Amino acid sequence: SLTEFVTALHVEWCRARAQAHRWEEEVQLLCKEMRQVLAFFEWQAGWWDAQSSGRTFGSPEAAEGAVTYARRQASLRQSLASHFRSMWEVIPSW
């Protein structure tokens, strides 16, 4: 009957609306996570930069190796942040 059809249509509309709201929330959470990933990589790069100075080592070679390693780690984190930022800037809600 027409009443049953309208009721079923109303139920389907409510389900679709609820799903749309869930997807909207998911998009908001993903955008937040993307910002957190970038902030973490930038923090990590700064931390590695800080590790490259103010330390004492037994030999100049060990100091040079440690500084080089720390700078490389900082550079990797900056590269990751830059890569993800460029990938994510095409997202409209970003």
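For the structure itself, consult the block above.
Fair warning: this is a prediction, and the values are worked out from it, not measured in the lab.

## Focus on a nonpolar patch on the surface
At step 1: Together, Leu2, Phe5, Val6 and Leu9 line one region of the surface with nonpolar side chains, adding up to about 440 Å² of accessible area.
At step 2: By the secondary structure assignment, phenylalanine 5 is in helix H1 (residues 2-51).

## Points about the pattern of salt bridges
At step 1: A full pass over the atoms with the stated rule returns two salt bridges.
At step 2: The shortest N-O distance in the salt bridge between glutamate 12 and arginine 15 comes to 3.0 Å. Separated by three residues within a single helix, glutamate 12 and arginine 15 lie in helix H1, roughly one turn from each other.
At step 3: According to the relative accessible area criterion, glutamate 12 is partly exposed, its value standing at 46%.
At step 4: For arginine 15, a relative accessible area of 53% puts it in the exposed group.
At step 5: With a shortest N-O distance of 2.1 Å, glutamate 42 and arginine 85 are connected by a salt bridge. Of this pair, glutamate 42 sits in helix H1 while arginine 85 sits in helix H2 (residues 60-88), and the two are 43 residues apart along the sequence.
At step 6: A relative accessible area of 35% means that glutamate 42 is categorised as partly exposed.

## Observations concerning the packing of H1 against H2
At step 1: Where H1 contacts H2, the axes come no closer than 8 Å and their chain directions differ by 160°. Here H1 is positioned roughly antiparallel relative to H2, judged by the angle of their axes. In the packing of H1 onto H2, the handedness of the crossing is left-handed. Judged by residue contacts, Met34, Val37, Leu38, Phe41, Glu42, Gln44, Ala45, Trp48, Asp49 and Gln51 of H1 engage Tyr69, Ala70, Gln73, Ala74, Arg77, Gln78, Leu80, Ala81, Phe84, Arg85 and Trp88 from H2.
At step 2: Considered class by class, the residues forming the contact of H1 with H2 number 13 nonpolar, four polar and four charged.

Thresholds, definitions, all that
Residues numbered from 1 in each chain as written. Predicted model: local features only at pLDDT ≥ 70, side-chain atom pairs only at ≥ 80, totals over all residues. Heavy atoms only, no water. Patch = residues over 30% accessible without salt bridge, like charges linked within 9 Å, V, L, I, M, F, W, Y side chains within 5 Å. Areas by Shrake-Rupley, 256 points an atom, 1.4 Å probe, with all protein chains shown as cover. Salt bridge = Lys/Arg side-chain N within 4 Å of Asp/Glu carboxyl O. Helix = DSSP H or I, 4+ residues; strand = E, 2+ residues; numbered from the N terminus. Buried < 20%, exposed > 50% of the residue type's maximum accessible area, 1.4 Å probe, protein only. Axes fitted to C-alpha atoms, helices over the stretch in contact; angles between N-to-C directions. Parallel < 35°, antiparallel > 145°, perpendicular 65-115°, else oblique. Left-handed = near helix turned anticlockwise from the far one by under 90°. Contact = heavy atoms within 4.5 Å. Nonpolar A, V, L, I, M, F, W, Y, C, P; charged D, E, K, R; others polar.

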